[in-house]
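Residue-level structural notes
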Amino acid sequence: MCEAENVYLNNNEHPRAVVTVETREARFVHETHRAFPLHRYHRLAPLLHALRSVKSDAEVALLRQACAITGDGFRRVARFLKPGVTENEVEAEFAHEFISRGAKFAYSPIIGSGANACALHYIQNDGPCRDGDLLLLDVAACCANYNADLTRTLPVNGRFTRRQRQIYDAVLRVYRVCEAALEPGITPKEWREVADEAMAKELVDLKLIKAAEVRKQGAEKKAVRKYFMHGIGHPIGLDVHDVSVIGAPIEAGWVMTCEPGIYIPEENLGIRLEDTVLVTKDGPQSLMADIPMEAGEIEALMAGKTKKARARR
């Protein structure tokens, strides 16, 4: 320290961090300042965030493994689900698959049937799965500290109704637009604009909002927020909501979630679709491309048929 002019110290600068008890790291920062008050101190966190944003080949390999385990858990649940089971029984199927594979839940699983799907962070997971309802599954595995993130929405009885399929396909179209836009150089704000524009078209076509509402909307209060009230995606890695340089353009090597959704409480219906996606210079590459997403693939899987998921990038 006596030979150094500049000192870089770390602090937890995660946007979602809530620190109520002083950490060992914070104590170290205070002790260093007291012992060496005349040094120039700098923030280490922004440098670490930049390093963590771009994943190495080894990190991507671990993320692929987490995604593969997640996919196996999802397929297990899709074959298990039927009217009369409970949300916690579905959670137990995921737990069995993850734990038996040496993995764990990446986050508190969200398993919401019917109206429960409209609560964005519903984690009670104790309701019944009723015939005719949809079941939203936001569940993924963590492998060697690297986290996946997946959302699928299943018909409890194995078949989408006409209305459910209408909403589902709208969400899927928005997903495809947003995934395709995940290219190096786009900023998170620009990406959100892409999502809002695609979602506005779908919601107008579904007659959930009016074109006039879209034309009159302000930048801070958009018409789509009534049915699509959350973000379109976030960085993922060592944290589910991983650190990044705030406002910086997305780069090749980043791994992002892509997760549009439509929620209609008055119809007891919520649909979200989400994959974990690697950004490359040649375009986005879903790390979950083998996990069924199209409605026909979902129904075939639940019926016990061997229809293979359509190849996606």
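The structure under discussion appears in the preceding block.
Residues numbered from 1 in each chain as written. Predicted model: local features only at pLDDT ≥ 70, side-chain atom pairs only at ≥ 80, totals over all residues. Heavy atoms only, no water.

**Looking at the overall build of the protein chain**
Within the protein chain one finds eight helices and 13 strands. For the protein chain, whose C-alpha radius of gyration is 21 Å, the value lies close to the compact-globule estimate of 20 Å for 313 residues. Overall, the protein chain is about 70 × 50 × 40 Å in size when its C-alpha atoms are taken along their principal axes. For the protein chain, the residues scored as buried account for 50% of the 313 residues in total. For the protein chain, contacts bridging at least 24 residues in sequence account for 69% of all contacts bridging at least 6. In the protein chain, 42 positive and 43 negative side-chain charges are present, and the distance between their average locations comes to 5 Å. (Helix = DSSP H or I, 4+ residues; strand = E, 2+ residues; numbered from the N terminus. Rg over C-alpha atoms; globule rule 2.2 N^0.38 Å. Buried < 20%, exposed > 50% of the residue type's maximum accessible area, 1.4 Å probe, protein only. Contact = heavy atoms within 4.5 Å. Lys, Arg positive; Asp, Glu negative; His and termini not counted. Charge placed at Lys NZ, Arg CZ, Asp CG, Glu CD.)

**Quick notes on the sheet that holds strand β8 (residues 151-155)**
Within the open sheet, the three strands sit side by side as β4-β5-β8. Their pairing is antiparallel. In the strand order of this sheet, the two ends are held by β4 (110-113) and β8, each with one partner. The mean angle between the axes of side-by-side strands here comes to 15°, regardless of whether they run parallel or antiparallel. Across four bridges, β4 lies against strand β5 (residues 134-138) in antiparallel orientation. Bridged to I111 within β5 is L137. (Pairing = 2+ DSSP bridges. Axes fitted to C-alpha atoms, helices over the stretch in contact; angles between N-to-C directions.)

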